[in-house]
Structures are given as structure tokens and as C-alpha cells.
Amino acid sequence: MQAVILVGGQGTRLRPLTLTVPKPMLPLMNRPFLEFQIELCRRHGIKEIVLSTAYKPEVFSSYFGDGGGLGVKLTCVTEDEPLDTCGAVKNVERHITDTFLVFNGDVLTDIDLASLIDFHRAKGGKATLYLTRVEDPTAYGLVPLDRTGRITEFLEKPSWDQVVTDLINAGTYVLEPELLERVPEGECFSFERQLFPGMLEDGIPMYGFPSEAYWMDIGTPAKYLQAHYDILRRMMPFDFRGEMIRPSVWAEEGSEISPDAAIFGPTVIGPGCRIAAHATVSSNCVLGPGCEIDEGAHLEGAVLHAECRVGAESVLRRCALAAGVRVGERVHISEQAVLGGGVVVEEENDLKCGIKVWPRANIPASTLHF
Ligand code: GDD
Ligand code: MG
């Protein structure tokens, strides 16, 4: 079976991280997120994958090439203009030969694809949607079912007064290729607002496959951080690299960790990191390659991409730093603050409340003392 992965969105809710790196290529546990999805496919014997790109397409092709490095055959197809979710699949129709899978390129899951595909075949519908349960369905596509598992409605981003179930579209579909005959060529067309509601109107059978498998859309700062914490807490299978130097603390090669630093798990320290004396790297941290943590700094729930530096006595909690961020001394960063690539924060600043700092900005030393 073939799979199409949609990776053309701009990832606006994850800016500024996505201003330099497209969302599916953002590091998750120090690996490009897309590797998780490709690996899921490969594990289930799906080795022919089409990447549907639009935003920063070259980043995908230059990293993955033909997919050989990951044991799959990868074809990248780029839209001249973004065609929306379903238009993007129509645009790769020439590569599709049979029943196929579609993935949103920002969903972390360990769904058993084999049972999803078996269910599709057993029900005999034209489309089967993987469904998951969430507390707040208003940010997703709401999918009520009848007693037989048939989809009765598809409501994208419903308001609370439309919410009649906690089941939502998990962003993975099994589709029959003839459905693409319903999609105009070269035009914007949406699965969620056009294809699925249109199929229901015309009485074409569509089924939902609710699953309790781990599921997370990594598309907002809170969810992006949470995906790291969940993997660190082993809610998703993950092959930790490097050596376990303390309980649940994995350090990759070339890291220099002072014997006077305090490191608590679960935490991952990428290759070539340096952690100075009296620094504390507490639970839920992921340090990218070549990060440097100076004396007396304190990190907890911090996700740092490659080559970040954290100055002495700075405190970082629940935040994400893109590659090459420089943080001066005695800076506080917390509460889902997100710093873009190459940002410089000079000493004694306090960044919180979900603040987003655009790439390469320079925040001068604060005059406020705390
Ligand atoms: N190639 C291409 N072209 N890809 C696109 C385009 C486009 O024009 N627009 C969006 N995509 C890709 C994005 O890169 C992403 O991987 C996927 O389509 C879904 O877009 P999001 O922007 O992440 O959608 P969402 O999270 O608001 O909602 C979707 O996912 C939810 C589950 O996470 C919908 O499918 C909801 O119904 C669903 O519940
Ligand atoms: Mg999404």
C-alpha cells in the first residue's frame, strides 16, 4: 500500500519555530518529526511514500533524498501554489495505483495501521478515518458515528454548541482512489470542508475507526512541548540513543557533563553538549546537539534545538528554543515562551506568558531587576 503525507502547511501556530524549519521537519527528541511518521509506515510494511510539499520544499528533498536511508521509496511532489489538503492529494494522483493512506504531516501516533486497513476492507466503505478522543474538539474535525461505525457528519472546527461527541478526525485516512474523481484538478480543495461533507451529502459510505492509541497533533507550542514530555515518559515507543548515564538520562556521544552538575530524568542530552558545574538539568529536557549550559543555570521542561547557549544562573522552564539561540546570564524564560532561530537574549530578561520572539531578534539587557 502507498501513503501520501501532507507536509505543505506553513505551521503558523508554531511560529517562530516554523519560520526557519517547516513543521514536519522540526526536531522532536532531536530527530526530524517526519521520521516518526515514515518509521510508522515502514514498520507496517508501507514503503512507498509520496510527500506532498508546498512550504520550503527543498528542506525535505535535501534531507530525505529518495528515502533509501530510512528503508522506504520517497517521492517529493511540490505544488506551484498550496492546494489545501485534498487538492494536494489530487496533485499526486498520478503516483497512486490502489487503496492508499493519507497522513496529516503533524500527527504523532503509534496507531496500528494494519488494524485500520483491515477495518477499512471489512466495512467496505470508500473512506475510513482514524478517530481519537479529545477534551476540546473545537480545534479539530468533529466526527459523529452511528451504531455501525458509519460517519454521520463531518464538522471542521465546530463551535461548542455543535459538539455532540468527543471523537475527532485524527488526520489519517484510508481512501479508495476513485474518490479523487470528485476533486477538481489544480484547485484548492479541502478534505475537511469539501470532500468529506460532500461524500456524506451524496450518501457515499465513510467509516470511523476510533482508537485509544497514543495521538498528538504537534501543531502548537503547548502540544509540541507535550509530545516531548510524553515520549520521555514512555507513552510512545521510542528508541533512545546514547548511553543512560543516570536513571532515564540519555547522553549522546561527545557530551561533557561536569561531575558537579545535577541531571535528573527523564532527559535527553544530544551529542557534543557541555553542562557546567552547579547547573541543573531537571526532568523533561531535550538538549539538541552542541548545546552549552553555563554554571548555575537551571532547566526544566526545556526543549533546545542545536547549538543553543544558556548563560550562568539563567532559569528555563517549559519553553522551546530554536537553533543557535544565545541566552545571557540571569535570564528567566518560561510558560511556553518560544524563541526563533539565532535569537540573542541579553542578561536579566524575563520572558514568559507564551511570548514568541522572531528569528535573529536581539533583546538588550533588562533594566528591571528581579
Ligand atoms: N501539501 C499541502 N498543501 N499540505 C497542506 C496544505 C496545502 O495547501 N495545507 C495544509 N497542509 C498540511 C499541513 O502541513 C498539515 O500536515 C496537514 O495538512 C493538516 O493541516 P493543519 O493546518 O495541521 O490542520 P489542523 O491541525 O488545523 O486540522 C487538521 O488536523 C486535525 C488533526 O490534527 C484537520 O484534518 C482536522 O480535521 C483534524 O482533526
Ligand atoms: Mg495540525
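Given the structure is predicted, the values throughout are model-derived calculations rather than measurements.

## Digging into the overall build of the chain
So, step 1. Across its full length, the chain carries seven helices and 32 strands.
So, step 2. Taking 21 Å as the expected radius of gyration for a compact globule of 370 residues, we find that the chain reaches 22 Å, a close match to that expectation.
So, step 3. Viewed in the frame of its principal axes, the chain has a C-alpha envelope of about 65 × 45 × 40 Å.
So, step 4. The burial tally for the chain puts 55% of its 370 residues in the buried class.
So, step 5. Pairs at least 24 residues apart make up 48% of the contacts formed inside the chain by residues separated by at least 6 positions.

## Here's the deal with the pairing of strand E14 (residues 243-246)
So, step 1. Here E14 pairs with strand E15 (residues 249-251) via three bridges, running antiparallel. Bridging from a neighbouring strand, methionine 244 pairs with tryptophan 250 of E15.

## Some points on the sheet that holds strand E16 (residues 256-257)
So, step 1. As summarised here, the arrangement of the seven strands in space is E16-E19-E22-E24-E26-E29-E32, forming an open sheet in which the pairing is parallel. Two strands close off the open sheet at either side, each with one partner strand: E16 and strand E32 (362-363).
So, step 2. Pairing of E16 with strand E19 (residues 274-275), which is carried by two bridges, proceeds in the parallel orientation. Note that in E19 the partner of isoleucine 257 across the bridge is isoleucine 275.

## Observations concerning the pairing of strand E4 (residues 48-53)
For a regular strand, side-chain orientation follows a simple rule: the groups alternate between the two sheet faces.
So, step 1. Buried residues dominate E4, accounting for five of its six residues.
So, step 2. The pairing of strand E1 (residues 2-6) with E4 spans five bridges and is parallel. In the sheet register, valine 4 faces E4, and the bridge partner there is valine 50.
So, step 3. Where E4 lies against strand E5 (residues 73-78), six bridges are found, and the strand directions are parallel. For serine 52, the partnering residue across the bridge sits in E5 and is valine 77.
So, step 4. Viewed along the sheet, the connection from E4 through helix H3 (residues 57-64) into E5 turns out right-handed.

## So, the domain arrangement of the chain
So, step 1. Domains assigned within the chain are domain 1 (2-232) and domain 2 (243-363).
So, step 2. The straight-line distance from the C-alpha centre of domain 1 to that of domain 2 is 32 Å.
So, step 3. Taken together, the 18 residues of domain 1 in the interface contact 27 residues of domain 2.
So, step 4. The largest share of the area that domain 1 buries against domain 2 comes from Asn30, Tyr229 and Leu232, three residues that together contribute 34% of it.
So, step 5. Applying the counting criterion to the domain 1 and domain 2 interface returns zero salt bridges.
So, step 6. Counting the contacts that link domain 1 with domain 2 gives four residue pairs in polar contact (both at pLDDT 80 or more).
So, step 7. Ranked by residues supplied to the side of domain 1 that touches domain 2, first place goes to helix H7 (residues 221-232) with eight residues.

## As for the coordination of the magnesium ion (ligand 2)
So, step 1. Within the protein, Asp106 (OD) and Asp217 (OD) serve as the donor atoms for the magnesium ion (ligand 2), at 2.1 to 2.3 Å. One end of the pair, aspartate 106, is in the loop between strand E6 (100-104) and strand E7 (107-109); the other, aspartate 217, is in strand E13 (residues 215-217), and 111 residues separate them in sequence. For the pair formed by aspartate 106 and aspartate 217, the shared burial category is buried.

## Some points on the pattern of salt bridges
So, step 1. Scanning the entire structure with this criterion turns up 16 salt bridges.
So, step 2. Between lysine 352 and aspartate 350 there is a salt bridge, with its nearest N and O atoms 3.6 Å apart.
So, step 3. Judged by relative accessible area, lysine 352 falls into the partly exposed class, the value being 37%.
So, step 4. Accessibility expressed as a relative area gives 38% for aspartate 350, which makes it partly exposed.

## Considering the site of ligand 1
So, step 1. Taken together, 27 residues sit near ligand 1, with Asp106, Glu156, Asn169, Glu192 and Asp217 positioned nearest.
So, step 2. In the environment of ligand 1, an oxygen atom lies 3.3 Å from a nitrogen or oxygen atom belonging to the backbone of leucine 83.
So, step 3. A distance of 3.0 Å separates an oxygen atom of ligand 1 from a polar backbone atom of glycine 141.
So, step 4. Across the complex, the protein chains shield 90% of the 750 Å² of accessible surface that ligand 1 would expose by itself.
So, step 5. The pocket occupied by ligand 1, as judged from atoms lying within 2 Å of grid points, is the largest pocket.
So, step 6. Put simply, the parts of the chain that give the shell around ligand 1 at least two residues each are helix H4 (84-90), strand E11 (167-175) and E13.
So, step 7. Here the shell around ligand 1 takes three residues from H4, the largest share from any one element.

Calculation notes
Residues numbered from 1 in each chain as written. Chains lettered and ligands numbered in written order. Predicted model: local features only at pLDDT ≥ 70, side-chain atom pairs only at ≥ 80, totals over all residues. Heavy atoms only, no water. Helix = DSSP H or I, 4+ residues; strand = E, 2+ residues; numbered from the N terminus. Rg over C-alpha atoms; globule rule 2.2 N^0.38 Å. Buried < 20%, exposed > 50% of the residue type's maximum accessible area, 1.4 Å probe, protein only. Contact = heavy atoms within 4.5 Å. Pairing = 2+ DSSP bridges. Right-handed = clockwise from strand over helix to strand, strands pointing away. Domains from an automatic or database assignment. Buried area = accessible area lost by both parts, 1.4 Å probe. Salt bridge = Lys/Arg side-chain N within 4 Å of Asp/Glu carboxyl O. Polar contact = N/O pair within 3.5 Å; in protein donor to acceptor, adjacent residues only side chain to side chain. Donors = N, O, S within 2.8 Å, 3.2 Å for Na, K, Ca; no water. Near = heavy atom within 4 Å. Areas by Shrake-Rupley, 256 points an atom, 1.4 Å probe, with all protein chains shown as cover. 1 Å grid on protein atoms, 1.4 Å probe; cavity = no way out; pocket = protein on both sides within 12 Å on 5 of 7 lines; lining within 4 Å. Sits in = over half its atoms within 2 Å of the grid points.

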